[in-house]
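Residues per chain are reported as follows:
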Amino acid sequence: MLQQLPFPLRLLAVSLPLAVNVYGQSDSQSSQAVLEEVIVTAQKRDQAIQDIPATVNAISSEALEDFNILSFESLEQLAPGLDTRSVDGRSGSIALRGVEYNPNSAAAQAVDVYWNDTTLGSNSSGAIFQQLFDLSSIEIVRGAQGTLQGRSSPAGALKLNTAKAQLDNFEGYVRNSFAENAASNTQLAINTPLIEGKLALRLAAVYDDNELQETRNLLDGNVSDSQSRAGRLSMAWQASEDIRVDLSYQYQESNLDRVTRVQGSSSLPQQAIALPVIESQDNLGIQVAPDIYQGRFEVATLRVNWDFGNHQLDWVSGYSELHSSENFDNSQGNSNPNVIAGFASPTRFVDAGFANSHEFRISSSDSDDWQYILGIYYGEENGQFDRYQYLGPQGPNQGSILSPLGAEDIGIFTHHSYQFGDNWNTEAGIRWQRAERFNASDIYLANGMLLRPLLAQEVRNRSEEAVTGNWSLSYRMDEPDTVSYFSISKSFRPGGVTVTSVSLADLATYESEDSIAYELGMKFKLLDGRLNLNTAVFYQDFDNYITRLSRIAVNDRGLATRPRSSGITTTGDALVKGIEIEWQALLADNWQLNGGLSFTEAEFKDGVNLPCNNGSAIPNGQIANYCDVSGLELGIQPKLSANLALFNQQDFGSFELYQQWLLRFVGSRTEVDAVGGELASYSTADWHIGLRSNDNGWDVAVFAKNLFDKNAINNIQPQFRARAGLATGYQRVDAIDGRTLGLSFKYHF
């Protein structure tokens, strides 16, 4: 019977009884051990994660090291229901609870990322999807965010907290990791008090070099290569007993020479060589020119904290700057370098973005019954996205599309928590916000002369106001130690325009999005603090859910004689519902079992019609064909995902032997470009074993990721097209990494 259940449910069925059985044994040592209390700042104050009436996951710096999580994209391995994928070198996508975001949409993000509590620019995902180093923690706040975070978002918030300078300790570390794909990652940090107890400096850096999945270009034999380097300076100043100032600055550079994995067979004439049938597992690409990405990212944050009386003042400011360029050939799967004949399509993207944000808030600090926060937020962003088309690999420039952008966000918010009686607590918050957006897009000839605008003047500027908020009611029971809660949250994303290379007329604009989310959850502390079990069910109703449709056939300016392909950002009503489970179980002093499961259904409502490719000719005067998408999934995220992490350590006096297992399951996903319209489910197992000193002075480990060398596809895209519009016959394939063996060591001083 058990074998008939899906893999993650078998994990749940086996692991939880195992935990309870171990607890039931008479073990005097394990009876003394308890799980450490996890403190987070998801609601802008220090709180135990078990006390928050919302779903929050915390990933510690130790967990990142234990499982050798070196990149942002790998975070999804530790959090079921989180989907992090690098779209290309210059952008990435984050999804939670089935609500996804396409970085090419020019829309507000579905999951906002906060760097030391400050917001980043809307085009900063390429900077986020890089190496992780010297972090104190990562917090994943799930569900609609309408009150406390810097910007309202429908799916959640992800908070990256860098390690702060410590005022009293001189310490540091050097950490190296090596793996089979010519990968090396070196991290170091040093913390030194300049004036003990008053002023401290922390320096951290990372250098990473690897060949990604070692995809080989069939035409020249080259393989992918990625290099990134970053440095961070952090300072802490205890100006007085009540005032602390934290400053952080990070500089980062990234270089990527990528070969894109493809599958398919050639459908183009006049090829330079005969091109074979390629399967995903062949790990091959076909590119007449490499994809070359270069990026630079800078971010500075300042936080001033002042405790006075029964209150606390916080001022948080941030500034970020991004510059990147990407050179690529848009007709992959083609071996003919002739541009004039309509084959090769050399293209260059250039991004520049500048963003700053400021938040000032006052909060109560000593009240037991009533706690409140009152704050104001301001964010500003300016940038430019330019696309250049070339007549050959080395030029000259045939023309360009220049797309400047601007944004301004203002928010005023308040949040209150009131304890009434011994067991009941209610929280309520409200946020007023104004979002102003500017987008333009114009085609220029090679001589710099304006050919024509792609966006009409009347749609380039947009200003909207919205009120969002949250309310929750929770009840604490002492035996067993349980917090039960019900919450309602409202989110908002402003409308905007599609930035593309064709004129979309009325399809160029999309409306603002609103959602209301309901969540019912229970958080248990069981077996004398040795088992934490959190569950939540959620339901979210979207009006005008913002989505991005890729490579839709359109009539440029409504002319049927000029069919083109374009991405379109549009909206449709949608529903999201699901369940999430997370647990941490201390089986004994030296055994711990953690796990999680997420099941989500995210679909368009009945009666929603969106632009599509249905194989029919587009009528003259109409921009695109439409299809009924009722019941279709919002994105390519799996409905079901789960993980299970097992930790063990054995003490041998001055050192200990430890090992960790990480088992992960990803369910099947709808994908219209896959055979049968679906991507198969898969499971992977990672294993780590190592030795470390009991004082954490040194640590040496070996690891095997995807130990059983599973082959699975994460994403398939439509066929590439040559410059003349003909399909090349090949599709881009994003596959999971094969088995990777490696070694890591760390020295702490």
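Since we're looking at a predicted model, the values are computed, not measured.

Draft legend 1. Representation of the overall build of the chain in the model. When helices and strands are counted, the chain shows four helices and 44 strands. Over its C-alpha trace the chain gives a radius of gyration of 26 Å, about what one expects of a compact globule, namely 27 Å for 749 residues. Overall, the chain is about 80 × 60 × 55 Å in size when its C-alpha atoms are taken along their principal axes. Each of the 749 residues in the chain was classed as buried or not, and the buried ones make up 54%.

Draft legend 2. Summary view of the sheet that holds strand β43 (residues 727–735). Strand order in this open sheet of three strands is β16-β43-β42, and the pairing throughout is antiparallel. Edge positions in the sheet fall to β16 (262–264) and β42 (713–721), since each of these pairs with one other strand and no more. Pairwise comparison of adjacent strand axes, ignoring direction, gives a mean angle of 35° for this sheet. With three bridges connecting them, β16 and β43 associate as antiparallel partners.

Draft legend 3. Up close: the side chain of S93. Mapping S93 onto the fold places it in strand β5 (residues 91–96). Reaching out from S93, the side chain makes a polar contact with the backbone oxygen of Y101 at a distance of 2.4 Å. The contact partners of S93, leaving out residues within four places of it in the chain, are D83, T84, R85, V87, Y101, P103 and F129.

Draft legend 4. View of empty space enclosed by the protein. If you walk through the whole model with that rule in mind, you get nine cavities of 30 Å³ or more. By volume, the largest cavity is sized at about 340 Å³. In terms of lining residues, the largest cavity is bounded by 28 residues, among which A54, A144, Q145, N470 and S489 are the most central. Those elements that provide at least two residues to the lining of the largest cavity are β8 (135–142), β26 (461–477), β27 (481–493), β30 (513–526) and β31 (531–555).

Draft legend 5. Expanded view of the confidence of the model for the chain. Per-residue pLDDT for the chain has a mean of 90; in total, 94% of the residues score no lower than 70. Note on residues 4–9: pLDDT under 50 across the span, and nine contacts to partners over four residues away in sequence or across chains. Here residues 11–31 scores under 50 on pLDDT; set against residues more than four positions off or in separate chains, the count is 26 contacts.

Draft legend 6. How the structure looks around the pairing of strand β15 (residues 243–258). Where strand β14 (residues 225–238) meets β15, 14 bridges bridge the pair, whose relative direction is antiparallel. Paired with W237 across the strands is V245, a residue of β15. Joining the antiparallel neighbours β14 and β15 is a turn of four residues.

Draft legend 7. Seen up close, the packing of aromatic side chains. Counted according to the given criterion, the structure contains 18 aromatic pairs. Relative to F129, the ring of F72 lies with its centre 4.9 Å away and its plane at 65°, an arrangement referred to as edge-to-face. Residue F72 is found in the loop between α3 (61–66) and β4 (82–88), and its partner F129 is found in the loop between α4 (125–128) and β8; the two are separated by 57 residues along the sequence. A relative accessible area of 11% places F129 in the buried class. Between Y518 and Y539 the ring centres are 6.5 Å apart and the planes differ by 45°, which places this aromatic pair in the tilted class. Highlighted residues: Y518 in strand β30 and Y539 in strand β31, separated in sequence by 21 residues.

Draft legend 8. Structural detail: the sheet that holds strand β9 (residues 156–162). Read from one edge to the other, the open sheet built from five strands follows the order β3-β8-β9-β6-β7, with strand pairing classed as mixed. Both edges of this open sheet fall to β3 (56–60) and β7 (118–119), since each of them pairs with a single strand only. Two strands pair when backbone bridges link them, and strand β6 (residues 111–115) and β7 are joined in this way by two bridges, in the antiparallel orientation. Bridged to Y114 within β7 is T119.

Draft legend 9. Up close: the nonpolar core. Formed by 57 residues in total, the largest nonpolar core has its most connected members in F72, L75, I138 and L158. With six residues, the top contributor of residues to this core is β31. Beyond its immediate chain neighbours, meaning those up to four positions away, L158 contacts F72, L82, V111, D112, V113, Y114, I138, E139 and I140.

Draft legend 10. Geometry of the side chain of N439. With respect to the helices, strands and loops of the structure, N439 is situated in strand β23 (residues 424–439). A relative accessible area of 12% places N439 in the buried class. With near-sequence residues (within four places) excluded, N439 lies in contact with P404, L405, L455, R460, V497 and V499.

Draft legend 11. The arrangement of a negative patch on the surface in detail. Where like charges cluster on the molecular surface, the negative patch consists of E241, D242, D307, D366, D368 and D369. Note on placement: D369 falls in the loop between β20 (346–364) and β21 (370–390). According to the relative accessible area criterion, D369 is partly exposed, its value standing at 46%.

Draft legend 12. Structural context of the pattern of salt bridges. Going through the model one piece at a time under the given rule, you end up with 37 salt bridges. E580 is paired through a salt bridge with R97; the nearest N and O atoms lie 2.8 Å apart. On the criterion of sequence distance, the pair formed by E580 in strand β32 (residues 563–588) and R97 in the loop between β5 and β6 is long-range, its members being 483 residues apart. Of the two residues, E580 and R97, neither departs from the other in class, the shared state being buried. Between E253 and R229 there is a salt bridge, with its nearest N and O atoms 3.4 Å apart.

Draft legend 13. Unusual backbone geometry, seen in detail. For the peptide bond that leads from E479 to P480, omega is -5°, which places it in the cis range. Following the sequence through the fold, P480 ends up in the loop between β26 and β27. In this model, D117 sits at a positive phi of 75°, which is unusual for a non-glycine residue. With respect to the helices and strands, D117 occurs in the loop between β6 and β7. Even without glycine at this site, N696 takes up a positive phi of about 60°.

Draft legend 14. Spatial organisation of the environment of F749. Within the element layout of this structure, F749 appears in the segment after β44 (740–748). In this structure, the C-alpha to C-alpha distance between F749 and L451, residues 298 residues apart in sequence, is 62 Å. The contacts of F749, once residues within four sequence positions are left out, are F170, E171, G172, Y173, A189 and I190.

Draft legend 15. Summary view of the environment of S335. Structurally, S335 is set in the loop between β19 (311–329) and β20. Judged by relative accessible area, which is 5%, S335 ranks as buried. The residues contacting S335, other than those within four sequence positions of it, are L219, Q271, A272, I273, L275 and V288. Among the polar contacts listed, one links the side chain of S335 to the backbone nitrogen of A272, at a separation of 3.0 Å.

Draft legend 16. How the structure looks around the environment of F72. F72 sits in the buried class, given a relative accessible area of 0%. For the pair F72 and T84, spaced twelve residues apart in the sequence, the C-alpha separation amounts to 7.6 Å.

About the thresholds
- Residues numbered from 1 in each chain as written.
- Predicted model: local features only at pLDDT ≥ 70, side-chain atom pairs only at ≥ 80, totals over all residues.
- Heavy atoms only, no water.
- Helix = DSSP H or I, 4+ residues; strand = E, 2+ residues; numbered from the N terminus.
- Rg over C-alpha atoms; globule rule 2.2 N^0.38 Å.
- Buried < 20%, exposed > 50% of the residue type's maximum accessible area, 1.4 Å probe, protein only.
- Pairing = 2+ DSSP bridges.
- Axes fitted to C-alpha atoms, helices over the stretch in contact; angles between N-to-C directions.
- Polar contact = N/O pair within 3.5 Å; in protein donor to acceptor, adjacent residues only side chain to side chain.
- Contact = heavy atoms within 4.5 Å.
- 1 Å grid on protein atoms, 1.4 Å probe; cavity = no way out; pocket = protein on both sides within 12 Å on 5 of 7 lines; lining within 4 Å.
- Points joined across faces, edges and corners; volume = space filled by probe spheres on them.
- pLDDT = per-residue confidence, 0-100.
- Phe/Tyr/Trp six-rings, centres within 6.5 Å; stacked < 30°, edge-to-face > 60°.
- Core = buried A, V, L, I, M, F, W, Y, C linked by side-chain atoms within 4.5 Å.
- Patch = residues over 30% accessible without salt bridge, like charges linked within 9 Å, V, L, I, M, F, W, Y side chains within 5 Å.
- Areas by Shrake-Rupley, 256 points an atom, 1.4 Å probe, with all protein chains shown as cover.
- Salt bridge = Lys/Arg side-chain N within 4 Å of Asp/Glu carboxyl O.
- Lys, Arg positive; Asp, Glu negative; His and termini not counted.
- Charge placed at Lys NZ, Arg CZ, Asp CG, Glu CD.

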